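Inside the fold
Residues per chain, in single letters:
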Amino acid sequence: MFSVLLQTTLGECVCGIRIADWVSMTNSAVALRVGMKNENYIENALNLKKFSDYLDFPLFFEIETVNACNAVCTMCTINKWQKHRNPYMSPQLFKKISDELIQYSTVVRTVNLGRDGEPLLDKHLEKKIGYLKEGGIKNVTFSTNAALLSEKRSKELLNSGLDEIMFSVDGYSRITFEKIRRGLCFKKIVENVHRFIDLRNSQNEHLKIRVRMVVQQENKDEIEPWGKYWRGKLKPKDSVEAKNIHSWGNQLENYQVLKQEEKLLTPCTSPFSTMIIRFNGDITICPLDFNGKYVNGNVQQDTIQTIWGKGGYFKKFRQIHLYSKRDELYFCKGCRLWEPDKTKRVF
């Protein structure tokens, strides 16, 4: 598999790097050994029967039904987002996407109904969850800031078939939280999450709740009390995690590294497992590509399966990662978003 890919992509160039540049510095035999080793890494990391199985269909999806948000958080790139007159995915497009996913329901492992926007701005989110679950999708989830999580919507979500929900709560104190999550009210967020937990406990114990903190300079001293507080509110099957801030593919202004990491030589699993579908149908290379610099195609014109196998940037990024050159791509340099996080604090 790898030798065929090597022959077909040596002349390709992405992010200013010609794949052939590295191969010529060593030799094809060395490149082949590195590639085969990394194929085995992907195979094991994704629990595939064989490496080439990744091409069958994506395992994970992030479907952005709305590209808008009700907050302006300090660790987000929202101020750089392109503005759209209608940032909502059309019902027809969502159905087209969902119907293809349902055809592969035995392959698809998780569908996350969100990407850069706030999912609860989509007033039809619960119906979309229900459609996917009725079609046999095993795990449907999304992440929210909980500002719009009224009692009514909480009950609707609990009845929709949703498997998991993640609440982003980035502070233990009001001052810290509101400094980071600009535009949101700490008291209201905490009340909304508490109410949802109580309703879940009484109405739908199947649903898993995750509470996450994005650790940064402003809240790093609140990790311990924050973790103990939320752990005490949840059941053992739920999760409470504090994870370090990331740079959005080196696109986040004023980004401060909390801990220097060693250079990665193993490939990122995302190009081999995950498809990001934006509100307009564009399929970007990565969750961090918020303005669509690297678009592989559009599901309004083609099928998911076709784009997954033939998307140009998918092919290029996969090869660069298989050659252990990920840190020479500006977009990927230093990124640990999909890696096992040794710095993550789990409560």
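We now turn to the structure provided with this report. (Residues numbered from 1 in each chain as written. Predicted model: local features only at pLDDT ≥ 70, side-chain atom pairs only at ≥ 80, totals over all residues. Heavy atoms only, no water.)

With a phi angle near 55°, N47 is a residue other than glycine that sits in the positive phi range. Structurally, the position occupied by N47 is in the loop between α3 (28-45) and β3 (60-63). Positioned with a positive phi, S324 is a non-glycine residue whose angle comes to about 60°. (Helix = DSSP H or I, 4+ residues; strand = E, 2+ residues; numbered from the N terminus.)

Evaluation of the coordinates by the stated rule reveals one cavity of 30 Å³ or more. If you add up the space inside the largest cavity, you get close to 150 Å³. In terms of lining residues, the largest cavity is bounded by 14 residues, among which C268, C286, H321, C332 and C335 are the most central. Where the lining of the largest cavity is concerned, the elements lending two or more residues are α10 (270-273) and α12 (312-322). Among the residues making up the lining of the largest cavity, the classes are represented as 11 nonpolar, two polar and one charged. (1 Å grid on protein atoms, 1.4 Å probe; cavity = no way out; pocket = protein on both sides within 12 Å on 5 of 7 lines; lining within 4 Å. Points joined across faces, edges and corners; volume = space filled by probe spheres on them. Nonpolar A, V, L, I, M, F, W, Y, C, P; charged D, E, K, R; others polar.)

Moving on, we get to the side chain of E222. Its place among the elements puts E222 in the loop between β9 (208-215) and α9 (223-231). Look at E222: it is buried, it has no salt bridge, and the nearest opposite charge is K179 at 10 Å. A distance of 2.6 Å separates a polar side-chain atom of E222 from the backbone nitrogen of Y172. Within the structure, E222 has its side chain in polar contact with the side chain of T176 (distance 2.7 Å). Non-local contacts of E222, meaning those with residues more than four positions away in its chain, are made with G171, Y172, S173, T176 and M213. (Buried < 20%, exposed > 50% of the residue type's maximum accessible area, 1.4 Å probe, protein only. Lys, Arg positive; Asp, Glu negative; His and termini not counted. Salt bridge = Lys/Arg side-chain N within 4 Å of Asp/Glu carboxyl O. Polar contact = N/O pair within 3.5 Å; in protein donor to acceptor, adjacent residues only side chain to side chain. Contact = heavy atoms within 4.5 Å.)

For the rest of this paragraph, the subject is the layout of surface pockets. Space inside the second largest pocket adds up to approximately 820 Å³. In terms of lining, the second largest pocket is formed by 31 residues, of which the most central are K259, E261, G334, C335 and R336. A per-class count over the lining of the second largest pocket returns 11 nonpolar, nine polar and 11 charged.

Turning next to the pattern of salt bridges. Overall, the coordinates contain 22 salt bridges when judged by the stated rule. The partner of K133 in a salt bridge is D163, with the nearest N and O atoms 2.9 Å apart. Taken together, the residues K133 in helix α5 (residues 125-134) and D163 in the loop between α6 (151-158) and β7 (164-168) connect sequence positions 30 residues apart. For K133, a relative accessible area of 23% translates into the label partly exposed. Here D163 falls in the buried class, since its relative accessible area comes to 8%. One network of salt bridges, with partners in common, ties together E62, E64, R115, D116 and R278.

As a further point, take the sheet that holds β3. Spatially, the 10 strands line up as an open sheet ordered β13-β12-β11-β3-β5-β6-β7-β9-β10-β14, and their pairing is mixed. In this open sheet, the two strands that pair with only one neighbour each are β13 (295-298) and β14 (345-346). On top of the sheet, α9 reaches β9, β10 (239-244) and β14; it is set at about 160° to β10, its chief contact. (Pairing = 2+ DSSP bridges. Axes fitted to C-alpha atoms, helices over the stretch in contact; angles between N-to-C directions.)

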